[in-house]
Amino acid sequence: MEFKVALIPGDGIGPEIVGEARKVLDRAGEKFGHRFIYKELLMGGASIDVHGVPLTDETLQEAQASDAVLLGAVGGNVGNSRWYDVAPNLRPEAGLLAIRKGLGLFANIRPAYLYQELNEACPLKKEVIGDGFDMVIVRELTGGLYFGKRYTEEVDGVKRAVDTLVYDENEIRRIAVKAFEIAMKRKKNVVSVDKANVLDSSRLWRAVVEEVAKDYPEVTLSHMLVDNCAMQLVMNPGQFDVILTENMFGDILSDEASMITGSIGMLSSASLGAGKLGLYEPSHGSAPDIAGKNLANPIATILSAAMMLRYSFDLDEAADAIEAAVQKVISAGWRTADIMAEGCRQAGTKEMGDLIAAEI
Ligand code: IPM
Ligand code: MG
């Protein structure tokens, strides 16, 4: 089969890691008889440099017209980049928010699991790690504080800034359904995370999630306050299967979850909407400090490409092959600089891509 993939290399290490993911995709396509037709698009700083804005309408339309979007990363050094000397809605990250919203990608799926081989990189004590962990964070992506009304004003000579946190029941219902559907294919356990002891939006969240849960009697649902969840993640990460949460809590908790895997360079993510079109990107950022040095770990992007095959194209066999290839290369002792350990062999970005492609 043939699939149209919008490739958005973006900024920093983005072009390098997307290049390796493309290499691996092509190899998987060759092996399983599929063809990927790429269209390169500009977003973030790369788009600002050419068009003066982080995302143009044309780019959004091109993305919309594709079967899936594969993204590297956007953004630069906030302190010393001309991309940040402008209004917030013109900065690189605004392009990312706009494409998520524009494509209706309300569900952000972020798996966080510990590779046995990378146990040493996990900052938690051995007793805490136990048998390891394997969780998926399902983060609402197009609502809440990120998209509520915001403004800064001056009242009687005092500056104040306002951000609003809004959720309606439909927004909560559709993300809850995604989380339960995912749980059905896993250990059938959902922990819904909120701040219902303080926030109205959280109380509605809890009520709607309870309602949705009735349609999934096999799934165990529990609720956890976000501050407790932050603590539980480092105290007993093995307890989690699917974590369901709103936009900002999910942003914060997914960084925490990725850090306890020891390697943010390994974690993929998928942003999904109502249909098959999805946007796939590593959970990490653009790492401008190591850009262009063949040092970046391309595995998160390669695993994101595997998620794309699975969720947008239904090519489970090819997705499995990519994931197995990554596992083989790790088991063989190959590491990029970020996960390098004693007794292992170091590979650059390109070499890691080559090694993984060769295992497919
Ligand atoms: C993420 C990032 C983005 C977010 C930023 C870059 C706007 O932190 O994907 O987690 O907060 O969603
Ligand atoms: Mg984040």
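Here the residue index of a chain counts from 1 through its sequence in written order. Whichever chain is written first becomes A and whichever ligand is written first becomes 1, with later ones labelled in order. Local features in a predicted model are, by the rule used here, given only for residues with pLDDT of at least 70; side-chain atom pairs are given and counted only at 80 or more, and totals for whole chains, interfaces and linings are based on all residues. Values shown for side chains rest on all heavy atoms present in the structure; no hydrogens or waters enter the calculation.

Enquirer: What is the right way to read the overall build of the protein from this model?
Expert: Here a strand is any run of E in DSSP of at least two residues, a helix any run of H or I of at least four, and the numbering for each starts at the N terminus. A count of helices and strands for the protein gives twelve helices and 14 strands. Atoms considered for the radius of gyration are the C-alpha atoms alone. The globule rule reads 2.2 Å times the number of residues to the power 0.38. What you see for the protein is a C-alpha radius of gyration of 20 Å, in line with the 21 Å of a compact globule of 360 residues. On the principal axes, the C-alpha backbone points of the protein span a range of 60 × 50 × 40 Å. Scored against the burial criterion, the 360 residues of the protein give a buried share of 52%. Contacts spanning at least 24 positions in sequence make up 74% of the contacts within the protein whose residues lie at least 6 apart. Per-residue and other accessible areas were derived by the Shrake-Rupley procedure at a 1.4 Å probe size, with only the shown protein chains allowed to occlude residues. Counting every atom, the protein has about 15900 Å² of accessible surface; 52% of that belongs to carbon and sulfur. Charge assignment: positive for Lys and Arg, negative for Asp and Glu; neither His nor the chain ends contribute. Lys charges are placed at NZ, Arg charges at CZ, Asp charges at CG and Glu charges at CD. Within the protein, one finds 37 positive and 52 negative side-chain charges whose respective centroids are separated by 1 Å. Throughout this description, buried means an accessible area under 20% of the type-specific maximum (1.4 Å probe, protein chains only), exposed means over 50%, and partly exposed covers the range between. The criterion used for residue contact is that any of the two residues' heavy atoms lie within 4.5 Å.

Enquirer: Mind showing me how you'd approach the site of ligand 1 here?
Expert: Any residue with a non-hydrogen atom lying within 4 Å of a molecule or strand is treated as near it. Ligand 1 sits among Glu-93, Arg-100, Arg-110, Arg-139, Tyr-146 and Asp-251. Between ligand 1 and the protein, one listed contact pairs an oxygen atom with a side-chain N or O atom of Arg-110 at 2.8 Å. A distance of 2.9 Å is found between an oxygen atom of ligand 1 and a side-chain nitrogen or oxygen belonging to Asp-251. Split into classes, the residues belonging to the shell around ligand 1 amount to one nonpolar, no polar and five charged. For the purposes of these results, a polar contact is taken to be a pair of N or O atoms within 3.5 Å, where, inside protein, one atom must be able to donate a hydrogen and its partner to accept one; residues adjacent in sequence count only when each atom of the pair is a side-chain atom. The residue classification treats Ala, Val, Leu, Ile, Met, Phe, Trp, Tyr, Cys and Pro as nonpolar and Asp, Glu, Lys and Arg as charged. All others, Gly included, are polar.

Enquirer: Before we go on, may I ask you to explain the sheet that holds strand S12 (residues 278-282) in this structure?
Expert: Each strand in a sheet pairs with another by means of backbone hydrogen bonds, the pair being arranged parallel or else antiparallel. Taking strand neighbours across the sheet as the criterion, the ten strands line up as S2-S1-S3-S12-S11-S4-S5-S10-S8-S9 in an open arrangement whose pairing is mixed. The sheet is open, and its two borders are formed by strand S2 (35-40) and strand S9 (220-225), each paired with just one other strand. Neighbour-to-neighbour, the strand axes of this sheet turn through a mean angle of 25°, independent of strand direction. Only strands that DSSP links by at least two bridges are regarded as paired with each other. Where strand S4 (residues 107-113) meets strand S5 (residues 134-140), seven bridges bridge the pair, whose relative direction is antiparallel. The axes are straight lines fitted to the C-alpha atoms, using for helices just the contacting stretch, and the angles between their N-to-C directions are given from 0 to 180°.

Enquirer: Can you walk me through helix H12 (residues 349-358) in this structure?
Expert: Along an α-helix, residues three or four apart share an orientation, since each turn contains 3.6 residues. Restricting attention to buried positions, one finds in H12 the residues Thr-349, Met-352, Gly-353, Ile-356 and Ala-357. For H12, the arc enclosing every buried residue in end-on projection is 130°, short of the 170-degree limit, so these residues lie on one face. Looking at the buried positions of H12, the neighbouring elements they touch are helix H1 (14-32), helix H10 (299-311), helix H11 (316-331) and strand S13 (334-335). Throughout, the arc means the angular range of directions from the helix axis out to the C-beta atoms.

Enquirer: Explain the pattern of salt bridges to me, please; I cannot follow it from the model alone.
Expert: Between side chains of opposite charge, a pair can form when the charged atoms approach closely. Take a side-chain nitrogen of Lys or Arg and a carboxyl oxygen of Asp or Glu: if they are within 4 Å of each other, that pair is a salt bridge. Overall, the coordinates contain 23 salt bridges when judged by the stated rule. In this structure, Arg-139 engages Asp-251 in a salt bridge whose closest nitrogen and oxygen atoms are separated by 3.9 Å. One end of the pair, Arg-139, is in strand S5; the other, Asp-251, is in helix H9 (residues 247-260), and 112 residues separate them in sequence. Overall, Arg-139 belongs to the buried group, its relative accessible area being 2%. Between Arg-186 and Asp-241 there is a salt bridge; the shortest N-O distance is 2.8 Å. A residue pair is termed long-range when its members are at least 10 positions apart, and Arg-186 in the loop between helix H6 (169-184) and strand S8 (189-194) and Asp-241 in the loop between helix H8 (226-235) and strand S10 (242-245) qualify at 55 residues. For Arg-186, a relative accessible area of 26% puts it in the partly exposed group. Sharing partners across several salt bridges, the network here consists of Glu-20, Lys-23 and Asp-354.

Enquirer: Could you clarify how one ought to interpret the environment of Arg-22 in this entry?
Expert: Within the element layout of this structure, Arg-22 appears in helix H1. What makes Arg-22 partly exposed here is its relative accessible area of 30%. When the C-alpha atoms of Arg-22 and Leu-7 are compared, they prove to be 8.8 Å apart, with 15 residues separating the residues in sequence. The contact partners of Arg-22, leaving out residues within four places of it in the chain, are Leu-7, Tyr-38 and Glu-40.

Enquirer: What is the right way to read the environment of Leu-118 from this model?
Expert: Following the sequence through the fold, Leu-118 ends up in the loop between S4 and helix H5 (126-129). Between the C-alpha atom of Leu-118 and that of Val-190, which follows or precedes it by 72 residues, the distance is 26 Å. Not counting the four nearest positions on each side in its chain, Leu-118 is found in contact with Ser-263, Met-266, Arg-335 and Ile-339.

Enquirer: Would you take a moment to explain the packing of H10 against H11 for this structure?
Expert: Packed helices, taken two at a time, are described by the angle between their axes plus the distance between the axes. Across the interface, H10 lies against H11 with an axial gap of 7 Å and an inter-helix angle of 160°. Considering their axes alone, H10 and H11 lie roughly antiparallel with respect to each other. Handedness of the crossing formed by H10 with H11: left-handed. Residue-level contacts link Ile-299, Ile-302, Leu-303, Ala-306, Leu-309 and Arg-310 of H10 to Asp-316, Ala-318, Ala-319, Asp-320, Ile-322, Glu-323, Val-326 and Ile-330 of H11. Roughly parallel means an angle under 35 degrees; roughly antiparallel, over 145; roughly perpendicular, 65 to 115; everything else is oblique. In a left-handed crossing the near helix is turned counterclockwise from the far helix by less than a right angle, and in a right-handed crossing that turn is clockwise.

Enquirer: Explanation requested: the side chain of Ser-286 in the structure shown.
Expert: Residue position: Ser-286 is located in the loop between S12 and H10. For Ser-286, a relative accessible area of 6% gives the class buried. There is a polar contact of 2.7 Å between the side chain of Ser-286 and the backbone oxygen of Gly-75.

Enquirer: Sorry if this is basic, but what is going on with the pairing of S8 here?
Expert: Side-chain direction in a regular strand flips from residue to residue, so the side chains alternate between the two faces of the sheet. A large share of S8 lies buried, amounting to five of its six residues. The sheet contact formed by S8 and S9 spans six bridges and is parallel. Opposite Val-191, over in S9, you have Ser-222 as the bridge partner. Two strands pair when backbone bridges link them, and S8 and S10 are joined in this way by four bridges, in the parallel orientation.

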